[in-house]
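So you can see what is in the structure, the chains are spelled out below.
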Amino acid sequence: MALKHADPGQVIDLKPYGAALAQKQSVALFKSEDLEVMRLVLLAGKTMPSHDVEGEITLQCLEGNVEVSAGGATHILDAGHLMYLPGRAPHSLFALENASVLVTVALKRA
């Protein structure tokens, strides 16, 4: 079954999950021809291994904090912090505590 994405003009609630965070899962919010947005949930101690995507991305920590390794450096994103990465930049994430991150990917068209 295909995931239900938000329709154009639909309001998407990004408030912190709070105490319910540990029971939540990552979810794709919407995908258009040029843009994909998802809410990534990483529980404390979990890792998203090093990978890259073709398009530019932003990572915005909505709650908790995550360690992002990219470009030979490691940065901590706390709630309210945003990071930009160019396309094809290898990066990995490690949840220092339960966290949710808004991930935006600019999709490259051929």
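This is a predicted model, so every value here is computed, not measured. (Residues numbered from 1 in each chain as written. Predicted model: local features only at pLDDT ≥ 70, side-chain atom pairs only at ≥ 80, totals over all residues. Heavy atoms only, no water.)

Colleague: What's the story with the overall build of the protein in this structure? I'm lost.
Modeller: The helix and strand tally for the protein stands at zero helices and nine strands. Its C-alpha radius of gyration of 14 Å places the protein within 12% of the 13 Å reference for a compact globule of 110 residues. Over its C-alpha atoms, taken along the principal directions, the protein stretches across nearly 35 × 35 × 25 Å. Across the 110 residues in the protein, those meeting the buried criterion constitute 33%. Taking all contacts inside the protein whose residues are at least 6 apart in sequence as the whole, residues at least 24 apart take part in 69%. Only carbon and sulfur atoms are counted for the fraction: they give 56% of the accessible area of the protein, which is about 6700 Å². The averaged location of the 12 negative side-chain charges in the protein is 5 Å from the averaged location of its 9 positive side-chain charges. (Helix = DSSP H or I, 4+ residues; strand = E, 2+ residues; numbered from the N terminus. Rg over C-alpha atoms; globule rule 2.2 N^0.38 Å. Buried < 20%, exposed > 50% of the residue type's maximum accessible area, 1.4 Å probe, protein only. Contact = heavy atoms within 4.5 Å. Areas by Shrake-Rupley, 256 points an atom, 1.4 Å probe, with all protein chains shown as cover. Lys, Arg positive; Asp, Glu negative; His and termini not counted. Charge placed at Lys NZ, Arg CZ, Asp CG, Glu CD.)

Colleague: Even after reading the chapter, I still don't get the sheet that holds strand β8 (residues 91-95), so can you show me in this structure?
Modeller: Strand pairing in a sheet relies on backbone hydrogen bonds. The paired strands run either parallel or antiparallel. Read from one edge of the open sheet, four strands run β3-β8-β5-β6, paired in antiparallel fashion. Sheet topology places β3 (47-51) and β6 (73-78) at the edges, where each strand pairs with a single neighbour. Averaged over all adjacent pairs, the angle separating strand axes in this sheet is 20°, with direction ignored. Pairing analysis gives five bridges linking strand β5 (residues 65-70) to β8, with the strands arranged antiparallel. Residue pairing across strands places alanine 70 opposite histidine 91, the latter belonging to β8. (Pairing = 2+ DSSP bridges. Axes fitted to C-alpha atoms, helices over the stretch in contact; angles between N-to-C directions.)

Colleague: What should I look at first to understand the nonpolar core in this one?
Modeller: Most often, soluble globular proteins have nonpolar side chains that are buried together. Leu59, Val66, Val68, Leu77 and Leu85 are the most contacted members of the largest nonpolar core, which totals 18 residues. Top element by residues in this core is strand β9 (residues 99-106). It accounts for four residues. When near neighbours in sequence (up to four residues on either side) are disregarded, leucine 77 contacts Leu59, Cys61, Gly64, Asn65, Val66, Val68, Leu82 and Met83. (Core = buried A, V, L, I, M, F, W, Y, C linked by side-chain atoms within 4.5 Å.)

Colleague: Honestly, the sheet that holds strand β1 (residues 27-31) in this entry has me stumped. Any pointers?
Modeller: The strand order across the open sheet built from five strands is β1-β2-β9-β4-β7, with neighbouring strands paired in antiparallel fashion. Each edge of the sheet is formed by a strand with only one pairing partner; in this case those strands are β1 and β7 (82-85). Averaged over all adjacent pairs, the angle separating strand axes in this sheet is 15°, with direction ignored. Pairing of strand β4 (residues 57-63) with β9, which is carried by six bridges, proceeds in the antiparallel orientation.

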